[in-house]
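The lines below spell out each chain.
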Amino acid sequence: MDILESFWKHVDKRGPMDCWNWIGAIDKDGYGRFRQKSAHRISYIIAHGSIGVDNYGYSLMIAHHCGNKKCVNPNHLCATTSEGISQINMKKDYLGLKLKDIIDITNQGLLKKGINKLPK
Ligand SMILES: [Zn+2]
């Protein structure tokens, strides 16, 4: 079995906008683990090729728009900074925005800030 096949065996895959829960090992913080790495970060890399870096050269964080730490659906993940994560949580909790709106706004915000190394 190749590594991708083995990865997706641990995912409860559903519709494109649904959460895809990780059904393998979970770390102490509640995130999926696959071969000593965070499952949601691996899922992002599978979908986009790489995780970009911020203006200082640090690897970006991978945030969940859905707030579900076990979720590895690439449509629910975005590469962002810790500031970006606070913005996502604020929009979700206080403004009651829908998932798609948050993704659109967050992506526009990141582009404006000059985070230009996001994978396409
Ligand atoms: Zn999700």
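First, a word on what this report is: a plain description of the structure on this page. (Residues numbered from 1 in each chain as written. Predicted model: local features only at pLDDT ≥ 70, side-chain atom pairs only at ≥ 80, totals over all residues.)

### Considering the overall build of the protein chain
Let me state the cut-off plainly: Secondary structure counts use DSSP, requiring at least four H or I residues in a row for a helix and at least two E residues in a row for a strand, with both numbered from the N terminus. Put simply, a residue is buried when 20 or more other C-beta atoms lie within 10 Å of its own C-beta and exposed when 12 or fewer do; between those, it is partly exposed, and each C-beta is set from the backbone. What counts as a contact is two residues whose backbone-derived C-beta atoms lie within 7 Å of each other.
The helix and strand inventory of the protein chain stands at four helices and six strands. Secondary structure of the protein chain in N-to-C order comes out as α-β-β-β-β-α-β-β-α-α. The buried share of the protein chain, taken over its 120 residues, is 26%. When contacts within the protein chain are restricted to residue pairs at least 6 apart in sequence, long-range pairs at least 24 apart make up 48% of them.

### Remarks on the nonpolar core
Rule in force here: Nonpolar cores are identified as sets of buried Ala, Val, Leu, Ile, Met, Phe, Trp, Tyr and Cys residues joined via C-beta atoms within 7 Å.
Phe7, Val11, Trp20, Trp22, Phe34, Ala39, Ile42, Cys71 and Val72 together form the largest nonpolar core, which totals nine residues. Tyr44, Leu60, Cys78 and Ala79 belong to the second largest nonpolar core, which has eight residues in total.

### Focus: helix H2 (residues 39-48)
Regarding H2, the residues found buried are Ala39, His40, Arg41, Ile42, Ser43 and Tyr44. Buried residues along H2 sit against helix H1 (3-8), strand E2 (21-22), strand E3 (33-34), strand E4 (37-38), strand E5 (61-64) and strand E6 (77-80). Phi turns positive one or two residues past the end of H2, at glycine 49, with a value near 95 degrees.

### Notes on the pairing of E6
Along any regular strand the residues' side chains alternate between the sheet's two faces. Worth spelling out the cut-off: Any two strands with at least two DSSP bridges between them are considered paired.
Residue alternation in E6 divides its side chains into two sets, Leu77 and Ala79 and Cys78 and Thr80, and both sets are buried. With four bridges joining them, E5 and E6 adopt antiparallel strand pairing. Opposite histidine 64, over in E6, you have leucine 77 as the bridge partner.

### What about unusual backbone geometry?
The phi torsion at arginine 35 lies on the positive side, around 50 degrees, for a residue other than glycine. Topologically, arginine 35 is positioned in the loop between E3 and E4. You can call arginine 35 exposed: it has 11 C-beta atoms within 10 Å. A positive phi is found at glutamine 36, a non-glycine position, where the angle reads about 65 degrees.

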